[in-house]
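# Coordinate inspection notes
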Amino acid sequence: MSAIANSFLSTTNLNQICDTFILHLQRKKIKGTYNIGKRTAELLREIIANSKKSEQVQDIINACKLIGKRLTLAQPTLLIIGNVIRRVLFIIRDEFIRFKKNKKTSNTTTTNNPINNNLINLLDIKTDIEYSELLESEFKATIIEGINELITEMEFLYKNISDQATEQVHSNEVILTVGLSHTVEFFLLAAANKGKEFDVIVTENAPSYSGHQMVLKLSKAGIKTTLISDAAAYGIMDRVNKVVVGTHAVMANGGLIAPSGTHLVALAAKEKHVPFVVCNGLYKLTPCYPLDQDTINDRHSPSEMIKLLQAGSGTSGMEGSIQGSVHVYNPAFDYVPPELVDLFITNVGTHSPSYIYRLLAEYYDRRDYDL
């Protein structure tokens with residue numbers, strides 16, 4: 001990290017803004033992948049907007065990476081933070097190449113041969129780029145515009161995914177989902193609003209029991225809804241035509257980091273030959289691999305599973321003795337391997353798990369995989 005990058009961060013009080021954001025993350029004041037992702041993009045936009053003309057483009061890249069390291073260290077299981085920062089870095093690098101090409105084109109005489117132009121562009125892309133140029137106001141405005149488009153993409157992802165509901169949901173189908181997912185909720189509501197008649201089975205997703213909220217929301221919209229226990233997913237899978245779930249993150253190999261209990265449902269769907277469909281925004285796509293699942297998982301409080309009472313309370317103090325003698329493990333997520341996933345419905349269309357590598361190349365730069 002160059003000294004210049006540190007100086008503009010301190011002079012504009014952006015370090016203080018970053019510290020406040022980290023504190024909010026640690027105290028769970030900002031919840032949900034959408035809110036966290038959007039706030040991360042806004043933070044980087046503020047950093048770039050407050051940069052000075054004396055800064056180099058490389059200083060901006062270094063500053064974004066510094067912020068990325070601080071935020072990911074604060075909450076390593078929130079992969080969405082790193083995803084958004086990598087998207088912003090990709091915007092900076094991509095817009096810088098275009099900016100340089102436009103300047104080069106305006107200063108030189110171009111040839112009318114389209115074949116030569118394509119060859120020149122191909123060679124330019126393969127050339128190592130130096131980001132030592134000063135941050136011009138026009139280029140900075142282009143970056144901010146790109147970040148605004150990213151924020152808009154996140155704001156409209158529910159709508160863009162829901163617009164595909166009529167193509168994916170058919171009348172008289174029985175759809176199974178896991179707990180509460182806002183993406184799946186809007187997706188199913190959109191299909192119902194288009195006149196599709198179908199039944200939904202919701203697993204309760206213990207111990208949070210978020211499935212209870214999902215059942216209430218869908219039933220209020222007039223959708224026939226059934227609530228089942230998590231353990232009943234395999235037994236009822238014969239009645240299901242399609243499984244539609246949300247996810248916390250999509251890994252580089254096409255696997256999922258999804259709410260606990262999703263792996264069980266995915267295995268049951270695979271055994272019964274039921275399509276397993278995932279609704280997610282592209283901002284959940286991460287270039288990381290699930291090499292160590294402990295580092296990408298989170299632990300919820302044991303109090304969600306057992307009622308913790310002080311020893312001696314109640315009739316016999318039995319609850320307190322359980323607290324002292326039983327280890328309670330309450331993981332937040334499951335890892336679902338890509339071979340159990342049939343289709344991704346994203347805000348830019350539908351894709352198979354084998355296409356994830358292509359999406360990584362389109363939205364991230366390899367130099368930014370490691371923040």
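Predicted, not measured: the structure shown is a model, and the values here were computed from it.

Cut-offs and rules
Residue positions are given per chain, counted from 1 along the sequence in the order it is written. Per-residue local features are limited, in this predicted model, to residues with pLDDT of at least 70; the limit for side-chain atom pairs, both in listing and counting, is 80 or more; totals at the level of whole chains, interfaces and linings are taken over all residues. The basis for the side-chain values is all heavy atoms of the structure; hydrogens and waters are excluded. Throughout this description, buried means an accessible area under 20% of the type-specific maximum (1.4 Å probe, protein chains only), exposed means over 50%, and partly exposed covers the range between. Secondary structure elements are defined from DSSP: runs of H or I of at least 4 residues count as helices, runs of E of at least 2 residues count as strands, and each element is numbered from the N terminus. The arc in question is formed by the directions pointing from the helix axis toward the C-beta atoms. Between the N-to-C directions of two axes lies an angle of 0 to 180 degrees, each axis being a line fitted to C-alpha atoms and, for a helix, fitted only over the stretch in contact. Each helix crossing is assigned a hand: it is left-handed if the near helix lies turned anticlockwise from the far helix by less than a right angle, otherwise right-handed if that turn is clockwise. Should any heavy atoms of two residues lie within 4.5 Å, those residues are considered in contact. Residues are grouped as follows: Ala, Val, Leu, Ile, Met, Phe, Trp, Tyr, Cys and Pro are nonpolar; Asp, Glu, Lys and Arg are charged; every other residue, Gly included, is polar. By definition in this entry, angles of less than 35 degrees are roughly parallel, angles greater than 145 are roughly antiparallel, angles of 65 to 115 are roughly perpendicular, and the rest are oblique. In this analysis, the expected span of each helix is defined as 1.5 Å times one less than the number of residues it contains.

A word on helix H15 (residues 356-363). One full turn of an α-helix is made of 3.6 residues, so residues set three or four places apart face in the same direction. Along H15, the residues that are buried comprise Ile 356, Leu 359, Leu 360 and Tyr 363. For H15, the angular spread of buried residues about the axis comes to 105°, placing them on one side.

Turning next to the packing of helix H3 (residues 33-49) against helix H4 (residues 57-74). At a minimum axis distance of 11 Å, the contact between H3 and H4 shows a crossing angle of 145°. Crossing of H3 against H4: the hand is right-handed. Across the interface between the two elements, Thr 40, Leu 43, Leu 44, Ile 47 and Ile 48 from H3 touch Ile 60, Cys 64, Ile 67 and Leu 71 from H4. A breakdown of the residues in the contact of H3 with H4 according to their chemical character gives eight nonpolar, one polar and no charged.

Take unusual backbone geometry next. In the segment running from Ala 206 into Pro 207, the intervening peptide bond is cis, with an omega of 5°. Positionally, Pro 207 belongs in the loop between strand E2 (199-203) and helix H11 (210-220). Phi is positive for Asn 205, which is not a glycine, with a value near 60°. Assignment of secondary structure puts Asn 205 in the loop between E2 and H11. The class of Asn 205 is buried, set by a relative accessible area of 9%. We note that Tyr 209 has phi near 55°; this positive angle belongs to a residue other than glycine. Tracing the backbone through its elements, the reader meets Tyr 209 in the loop between E2 and H11. Taking the relative accessible area as the measure of exposure, Tyr 209 reaches 37% and is therefore partly exposed.

Before going further, it helps to examine the packing of H3 against helix H7 (residues 137-155). Where H3 contacts H7, the axes come no closer than 10 Å and their chain directions differ by 170°. Classified by the angle between their axes, H3 and H7 sit roughly antiparallel to one another. Where H3 abuts H7, its residues Tyr 34, Gly 37, Lys 38, Ala 41, Glu 42, Leu 44, Arg 45, Ile 48 and Ala 49 lie against Lys 140, Ile 143, Ile 144, Ile 147, Asn 148, Leu 150, Ile 151, Met 154 and Glu 155.

A separate point is H3. Taking 1.5 Å as the rise per residue, H3 with 17 residues should run 24 Å; its terminal C-alpha atoms sit 24 Å apart, in good agreement. All of the buried residues in H3 are Thr 33, Tyr 34, Ile 36, Gly 37, Thr 40, Ala 41, Leu 43, Leu 44, Ile 47 and Ile 48.

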